[in-house]
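Letter by letter, the chains look like this.
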Amino acid sequence: MTVETIRDVLELTRQLHANLADTLGRASRDAQQERLRMLLDYLSLHERELSRVVALTEDDAQAAALDTWCTDYFLDSTNKRSTCGFQCA
């Protein structure tokens, strides 16, 4: 995913937490040990809540803030390379 705006960062973050919640939920269903299942269930619920909170943040934010280009924040001004893991357009 190409990250260009703050909206993209929030969407990527929301998707990450939702995918992690799904993966933890599947792992929990496959777990044989009760304590491990309980831990995975807890982590899955926590990640699902984080995904929900990020979505609410996106809903509550002003459009102008969400549409702010983030390449200025992610690119090193001297060599125009990404200073984080995101691929900037």
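Below, the structure is looked at part by part.

Definitions and cut-offs
Residues numbered from 1 in each chain as written. Predicted model: local features only at pLDDT ≥ 70, side-chain atom pairs only at ≥ 80, totals over all residues. Heavy atoms only, no water. Helix = DSSP H or I, 4+ residues; strand = E, 2+ residues; numbered from the N terminus. Expected span 1.5 Å × (residues − 1). Buried < 20%, exposed > 50% of the residue type's maximum accessible area, 1.4 Å probe, protein only. Lys, Arg positive; Asp, Glu negative; His and termini not counted. Salt bridge = Lys/Arg side-chain N within 4 Å of Asp/Glu carboxyl O. Contact = heavy atoms within 4.5 Å. Axes fitted to C-alpha atoms, helices over the stretch in contact; angles between N-to-C directions. Parallel < 35°, antiparallel > 145°, perpendicular 65-115°, else oblique. Left-handed = near helix turned anticlockwise from the far one by under 90°. Nonpolar A, V, L, I, M, F, W, Y, C, P; charged D, E, K, R; others polar.

### Side note on the environment of V3
By the element assignment, V3 lies in strand 1 (residues 2-3). Distance from V3 to W69, taken between C-alpha atoms, is 9.0 Å for residues 66 residues apart in sequence.

### Re helix 1 (residues 6-30)
One turn of the α-helix equals 3.6 residues, which is why residues spaced by three or four share an orientation. Spanning 25 residues, helix 1 covers 36 Å between terminal C-alpha atoms, matching the ideal 36 Å at 1.5 Å per step. When helix 1 is considered as a whole, its buried residues turn out to be D8, V9, L10, H17, A18, A21, L24, G25 and S28.

### Re the side chain of E47
Mapped onto the elements, E47 comes out in helix 2 (residues 34-60). Salt bridges are absent for the buried E47, whose nearest opposite-charge side chain, R48, sits at 9.1 Å. Residues within four places of E47 in sequence aside, it is in contact with H17, L20, A21 and L24.

### Comments concerning the pattern of salt bridges
Going through the model one piece at a time under the given rule, you end up with four salt bridges. Its salt-bridge partner being D22, residue R48 comes within 2.4 Å of it at the nearest N-O pair. Taken together, the residues span a long stretch of sequence, with R48 in helix 2 and D22 in helix 1 at a distance of 26 residues.

### What about the packing of helix 1 against helix 2?
For the pair helix 1 and helix 2, interaxial distance at closest approach is 8 Å and the crossing angle is 160°. The angle between helix 1 and helix 2 falls in the class roughly antiparallel. The handedness of the crossing between helix 1 and helix 2 comes out as left-handed. Partitioned by chemical class, the residues of the contact of helix 1 with helix 2 number 11 nonpolar, six polar and nine charged.

### Digging into the side chain of E58
Relative to the helices and strands, E58 resides in helix 2. The side chain of E58 is buried and forms no salt bridge, while R7, the nearest opposite charge, is found at 4.7 Å. Contacts of E58, omitting those with residues within four sequence positions, involve R7, L10, E11 and L66.

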